[in-house]
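Observations on the three-dimensional arrangement
The lines below spell out each chain.
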Amino acid sequence: MSENTETKSLQRVSPATDILEREDGVYVYMDVPGVRREDLKIEINATELVVSGRALQGGTEKETFMEVEFGPGEYVRAVSLSDRVDRERIKANLKDGVLTLHLPRLEKIAPRRIPVQTA
């Protein structure tokens, strides 16, 4: 089966997600069992951070699944971004099937005095 045919037949799932706000920013935890780092895609557009990934694990010819709850599938989830998020410093980490995203707050900008020129 070609990759395109296999990808089209994958079940699309919204991963279980926890979002936690802390003093230094927002933390997003997503369950993405079976997804390898190279199969994850994280994109930012104007108002959202979109996470997608594919889990392609499956049984061998000598194995038959009795029940499948998190088998082959495509995970897709969008998270709204606040204008207070520093988009340049977002970090992602994948460990033990959990994707952790840190969305740091923008640092406070100190007021700046504008000098007035005389003509």
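I will try to describe carefully the structure that is included in this document. (Residues numbered from 1 in each chain as written. Predicted model: local features only at pLDDT ≥ 70, side-chain atom pairs only at ≥ 80, totals over all residues. Heavy atoms only, no water.)

Bringing the environment of valine 76 into the picture now. Summarising the element assignment, valine 76 is placed in strand 6 (residues 73-80). Sequence spacing of valine 76 and arginine 54 is 22 residues, and the spatial spacing of their C-alpha atoms is 9.0 Å. Excluding anything up to four places from it in sequence, valine 76 contacts Arg12, Val13, Ser14, Pro15, Val51 and Ser52. (Helix = DSSP H or I, 4+ residues; strand = E, 2+ residues; numbered from the N terminus. Contact = heavy atoms within 4.5 Å.)

Turning to the nonpolar core, a few remarks are in order. Nonpolar side chains tend toward joint burial in soluble globular proteins. Val28, Met30, Leu49, Val51, Leu99 and Leu103 are the most contacted members of the largest nonpolar core, which has 17 residues in total. Breaking this core down by element, the ones donating at least two residues are strand 3 (25-31), strand 5 (48-55), strand 6 and strand 8 (98-104). Not counting the four nearest positions on each side in its chain, leucine 99 is found in contact with Val28, Tyr29, Met30, Val32, Leu40, Ile42, Val51, Ala92, Asn93 and Leu94. (Core = buried A, V, L, I, M, F, W, Y, C linked by side-chain atoms within 4.5 Å. Buried < 20%, exposed > 50% of the residue type's maximum accessible area, 1.4 Å probe, protein only.)

Okay, the sheet that holds strand 3 next. In any sheet, the strands associate via hydrogen bonds between backbone groups, in a parallel or an antiparallel arrangement. If you trace the 4 strands from one edge of the open sheet to the other, you get 2-3-8-7, paired in antiparallel fashion. Of all strands in the sheet, those bounded by a partner on one side alone are strand 2 (17-22) and strand 7 (91-95). Put simply, the sheet's adjacent strands are angled 15 degrees from each other on average, direction ignored. The sheet contact formed by strand 7 and strand 8 spans 5 bridges and is antiparallel. (Pairing = 2+ DSSP bridges. Axes fitted to C-alpha atoms, helices over the stretch in contact; angles between N-to-C directions.)

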